Amino acid sequence: MSVERGEWFREARFGMFIHWGLYSILGRGEWVMYLEHIPVEEYSKLSEKFKPTRFNPDEWVSYAKEAGMRYMVLTSRHHDGFSLFDSKVSDYTAPKTAAGRDLVAEFVEACHKAGMRVGLYYSLLDWRWPAYWNGPKRDPEGWSKFLEYVHTQVEEICSNYGKLDVLWYDGAWPYKAEDWKSAELNAKVRKLQPEILINNRSGLPEDFDTPEQHVSFSPPGRLWESCMTTTEYFWGYCRGDPWRPTKRLIQTLVTCASGEGNLLLNVGPKADGTFPAGAIRILREIGSWMRVNGESIYGSERCPFSTSVGTFTAKGNKVYVHVFRWPGREVCVAGVGNDVKDAYMLATGEYVKFSKTGSRVFLRGLPARAPDPYDTVIVLELDDKPRGLTFKVE
Ligand code: GLC
């Protein structure tokens, strides 16, 4: 992949995932049809009730912006098969049912208008198709019809809404790229959207990795993005699913940035189109941290130093020490092969006293209590890019 095509993604570091569909009406997560064995005929009646009268995508975008997010990805169709977009190969869509609107069109337009990078999630699997359950071996004819439907829909979302920055596949299991004809499909996608970044869930590695509900660094140079929920369990709106502590979410974002990866943090809007109050609160809390500390996140690079109090991000000659566990008074940064020119608190610019012994830098005279309850960031200005030294006893 050309470096330039992935450049905005590397710079962005933080995006919003949105899971929204018929399941949002029931409020028991996006897997409710499967988990509660709801027959297709019964579940599909929800489409008569899905009238998102309070859906205002400009508002969604402004929440994302306020949180410091740089891109947004919406479920255009999840495993239940209901498309939020207009499709010539399905009547089970928002525009052709009670909603009467192309929700993908409105969403993408709002992002474009606001200069927000935008992506669409698309589930290859569709629970309503017997061919999906039977598979290509047992039902080759049914499978090829199913594939035609899937390929057409992917082409539709890539043709009808202008420029897309991300195509976020899901649900290839238990089949392989050959069964989905993913190589062929992705070639079509790239013709329609030459700049698009495609994730690794069509059975092919494509442009970026997608660890789910955990963080794992890909090798340097490879793009990656952890996706996580703001509640403990589900992606789609779920009553009673507990909110994750903001501190943990911020520290997860920092951990992703420390490994040159992104965090795609999910919100499950309610069926009427509004964000749950808990999500709004979390986004605002993260936003106030990002307004002060965003410099340490956007376009972050790895840093080879070591510490017991948290982690690091870097940019050029600057290293950002993220103190997750405030030790009081003194912080030690080890394995430093550079000269330190300056040290200061990112939030206030206030000078931090420092001294160096061997490869260890000691930051001294710090306040007894953490200045930032989520993560206090201390900047080290170095003579050069960070050069790490490993621990060894001589
Ligand atoms: C899983 C789930 C799904 C969610 C997705 C997000 O594949 O099936 O509900 O959309 O992960 O990563």
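Data block above holds the structure.
Predicted, not measured: the structure shown is a model, and the values here were computed from it. (Residues numbered from 1 in each chain as written. Predicted model: local features only at pLDDT ≥ 70, side-chain atom pairs only at ≥ 80, totals over all residues. Heavy atoms only, no water.)

(A) Quick peek at the sheet that holds strand β5 (residues 197-198). An order of β5-β4-β3-β2-β1-β8-β7-β6 is seen for the 8 strands of this open sheet, with the pairing classed as parallel. A single partner strand is all that each edge strand has here, and the edge strands are β5 and β6 (208-209). The sheet contact formed by strand β3 (residues 117-123) and strand β4 (residues 166-170) spans 5 bridges and is parallel. Within the sheet, the bridge partner assigned to L120 lies in β4 and is L167. The strands touched by helix α6 (residues 103-114) are β1 (14-18), β2 (71-77) and β3; relative to β3, the strand with the most contacts, the crossing angle is about 155°. Helix α8 (residues 140-159) rests against β2, β3 and β4 of the sheet, and its axis sits at about 170° to β3. (Pairing = 2+ DSSP bridges. Helix = DSSP H or I, 4+ residues; strand = E, 2+ residues; numbered from the N terminus. Contact = heavy atoms within 4.5 Å. Axes fitted to C-alpha atoms, helices over the stretch in contact; angles between N-to-C directions.)

(B) View of the pairing of β4. Of all 5 residues in β4, 5 are buried, a share of seventy percent or more. Of the two faces of β4, the one lined by V166, W168 and D170 and the one lined by L167 and Y169 are each fully buried. By the bridge criterion, 2 bridges tie β4 to β5 in an arrangement that is parallel. Across the sheet, residue L167 finds its bridge partner in β5, namely I198. (Buried < 20%, exposed > 50% of the residue type's maximum accessible area, 1.4 Å probe, protein only.)

(C) Quick look at the pattern of salt bridges. Scanning the entire structure with this criterion turns up 24 salt bridges. Close ionic contact of E66 with R284 constitutes a salt bridge, the shortest N to O distance being 3.2 Å. Taken as a pair, E66 in helix α5 (residues 57-67) and R284 in helix α12 (residues 277-293) lie far apart in primary sequence, 218 residues in all. Residue class for E66 comes out partly exposed when judged on its relative accessible area of 29%. R284 sits in the partly exposed class, given a relative accessible area of 42%. Residue D209 pairs with R222 through a salt bridge whose shortest N-O separation is 2.7 Å. One end of the pair, D209, is in strand β6; the other, R222, is in the loop between β6 and β7 (223-229), and 13 residues separate them in sequence. The exposure class of R222 is partly exposed, given its relative accessible area of 21%. Each member of the salt-bridge network shares a partner with another, and the members are R5, R190, E206 and D207. (Salt bridge = Lys/Arg side-chain N within 4 Å of Asp/Glu carboxyl O.)

In short, geometric facts, not functional conclusions.
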